[in-house]
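# Working through the structure, step by step
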Amino acid sequence: MLFGPRPGRQVRRAEAVSPTRRGLLALGCACCLGLAPISQAAAQSPEVARHLAAARDAAGEDLRAWLALGKAAMPSPEAGPSIEALMAQPPPPPAWAFDNLGFVGAKWVSAWALKTSDGVILLDALNNEDEAERLIEGGMRRLGLDPGAIRQIVVTHGHGDHYGGAAWLKQRHGAPILLSEADWRMMETGLEFDVPQWGRPPARDVVVADGATIRQGDTTVRVLSTPGHSPGTISLLFDAKAGPRTHRALLWGGTSFNFGRRPERMQRIASYIAGTRRAKQVAAREKVEVLLSNHSGFDEADQKLQRRVQGRPNPFVMGQETVQRALTVIEECALATQAAWSA
Ligand SMILES: [Zn+2]
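Now for a description of the structure that goes with this document. Predicted, not measured: the structure shown is a model, and the values here were computed from it.

Secondary structure summary: the protein contains eleven helices and twelve strands in total. Classification of the 343 residues of the protein by burial places 53% in the buried group. Sequence-distant contacts, at least 24 apart, represent 73% of the contacts inside the protein between residues at least 6 apart.

Attention shifts here to the pairing of strand β4 (residues 119–123). Most of β4 sits inside the fold, with five of its five residues counted as buried. Relative to β4, strand β3 (residues 112–116) is paired through five bridges, and the arrangement is antiparallel. If you follow tryptophan 112 over to β4, its bridge partner there is leucine 123. In this antiparallel pair of consecutive strands, β3 and β4, the connection spans two residues. Here β4 runs beside strand β5 (residues 150–154); their pairing, made up of four bridges, is parallel. Residue pairing in the sheet places valine 120 in a bridge with isoleucine 150 of β5. In this fold, the crossover linking β4 to β5 by way of helix α4 (residues 129–142) has right-handed handedness.

What follows deals with the nonpolar core. If you look at the biggest cluster of nonpolar residues, it comprises 97 residues, and the most contacted ones within it are Trp66, Leu122, Ala125, Ile136, Ile153 and Val329. For this core, the leading source of residues is helix α11 (residues 320–342), giving eleven residues. Other than its neighbours up to four places away in sequence, isoleucine 136 contacts Val104, Ala111, Leu122, Ala125, Leu126, Gly165 and Leu169.

Strand order in the open sheet formed by five strands is β8-β9-β10-β11-β12, with mixed pairing between adjacent strands. Each end of this open sheet is capped by a strand with a single partner; those strands are β8 (213–216) and β12 (290–293). Direction aside, neighbouring strands of the sheet carry axes that sit 25° apart on average. In this sheet, β12 lies alongside strand β11 (residues 245–252) in parallel orientation, the contact comprising four bridges.

A few words now on helix α6 (residues 166–173). For α6, the full list of buried residues reads Ala166, Ala167, Trp168 and Leu169. In this fold, the buried residues of α6 make contact with α4, β5, α5 (160–163) and β6 (177–179). At the exit of α6 stands glycine 174, carrying a positive phi of roughly 75°.

Across the sheet, which stays open at both edges, the seven strands sit in the order β1-β2-β3-β4-β5-β6-β7 with mixed pairing between neighbours. Each edge of the open sheet carries a strand with a single partner, namely β1 (95–98) and β7 (206–207).

Attention now moves to the environment of serine 293. Tracing the backbone through its elements, the reader meets serine 293 in strand β12. In this structure, serine 293 is in contact with Trp252, Thr255, Phe298 and Asp299, ignoring residues within four places of it in sequence.

Quick look at the pairing of β12 now. Judged by which residues are buried, β12 turns out to be covered on both faces: Val290 and Leu292 on one side and Leu291 and Ser293 on the other are all buried. Crossover connection from β11 via helix α8 (residues 265–285) to parallel β12: handedness right-handed.

Next up on the list: the packing of helix α2 (residues 46–59) against α11. It is the contact of α2 with α11, at a shortest axis distance of 8 Å, that shows an interaxial angle of 165°. The pairing of α2 with α11 is recorded here as roughly antiparallel in orientation. Viewed along their axes, α2 and α11 form a crossing whose handedness is left-handed. Residue-level contacts link Glu47, Val48, His51, Leu52, Ala54, Ala55, Ala58 and Ala59 of α2 to Arg325, Thr328, Val329, Glu332, Cys333, Leu335, Ala336, Ala339 and Ala340 of α11. Class assignment for the residues of the contact of α2 with α11 results in twelve nonpolar, two polar and three charged.

This part takes up unusual backbone geometry. The phi torsion at lysine 287 lies on the positive side, around 55°, for a residue other than glycine. You can see lysine 287 is positioned in the loop between α8 and β12. Looking at lysine 287, the number of C-beta atoms within 10 Å reads 11, which means it is exposed. The phi dihedral of glutamate 300 falls on the positive side, at around 55°, and the residue is not glycine. The exposure class of glutamate 300 is buried, given the 22 C-beta atoms found within 10 Å.

Glancing now at the packing of α8 against α11. Where α8 contacts α11, the axes come no closer than 10 Å and their chain directions differ by 165°. Comparing the axis directions of α8 and α11 gives the class roughly antiparallel. Where α8 crosses over α11, the two elements pack in a sense that is left-handed. For the pair α8 and α11, contact is made by Arg265, Met266, Ile269, Ala270, Tyr272, Ile273, Thr276, Arg277, Ala279, Lys280, Ala283 and Ala284 and by Val323, Gln324, Leu327, Ile330, Glu331, Ala334, Leu335, Thr337, Gln338 and Trp341, respectively. Of the residues that constitute the contact of α8 with α11, the class distribution is 14 nonpolar, four polar and four charged.

Rules and cut-offs
- Residues numbered from 1 in each chain as written.
- Predicted model: local features only at pLDDT ≥ 70, side-chain atom pairs only at ≥ 80, totals over all residues.
- Helix = DSSP H or I, 4+ residues; strand = E, 2+ residues; numbered from the N terminus.
- Buried ≥ 20, exposed ≤ 12 C-beta atoms within 10 Å, placed from the backbone.
- Contact = placed C-beta atoms within 7 Å.
- Pairing = 2+ DSSP bridges.
- Right-handed = clockwise from strand over helix to strand, strands pointing away.
- Core = buried A, V, L, I, M, F, W, Y, C linked by C-beta atoms within 7 Å.
- Axes fitted to C-alpha atoms, helices over the stretch in contact; angles between N-to-C directions.
- Parallel < 35°, antiparallel > 145°, perpendicular 65-115°, else oblique.
- Left-handed = near helix turned anticlockwise from the far one by under 90°.
- Nonpolar A, V, L, I, M, F, W, Y, C, P; charged D, E, K, R; others polar.

Written out as structure tokens, the structure is:
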């Protein structure tokens, strides 16, 4: 089901933005635009080129999807596909990435069901009620999970492709919605992005701060503040289970630098870089072996789910060194963007 905006609410509509901005929006939230290499010609300065080269070095062959972030360093990003086209892509089938982590997402944007000993923590809520019903509830059933067992809904950031189905799910199942204070405030005072296809933002509910621990049954999810992509993006640390083993996982809560020509864009990219550096330290200390995104365009979750074969190494287990490289790609693309915007 599609929703119209609430009367009187000041929102940015997709049709009200320039083609370039629309391209950035699509790039920012979608990033399923393939593995396009970063153009050397687009580099505006030696510093931009140096950071993009460092990103490519860190990416190697296996992490090229993350290089899409570097497109923001280009002077004139190409217009990306429309939101309608992104949302119309056939969804991947729901599947287990780990014994306790099920993918219940769309092609463009992901949602994850984290199974605990007492119900499910839902990580992000897709674009709208229709997707929440079809992909999250339907996907959970196909994975043998009762949607009525959703106990908490954690939303990584206040953009509609992640909160769109949250209010409807809360209404159905009574589960609280958890978001950072900064993004609750942004959602209340003026959405920075909106399109009619997204569900309305949920009413303020639970605030989670940096360092908070979300507990459910035998499971804990720790909150790491990584602002930049939105004012209050959070990333999530938890254990992914595989038989007798557990692997520490980090779900990166906000991906691209889609804030474009906002007045506070330099501050936003600086906080993104600081958050990425801190996440690298935390990931090293916590021995994080799995880096997930909420867009398959980055972590290639849809492809990894297809490749996953019981009895073989799980493609989601990247190893600590690869996780560090991926975070370096993110950091260097952000530094390139900062340099390009400062040039
Ligand atoms: Zn976003």
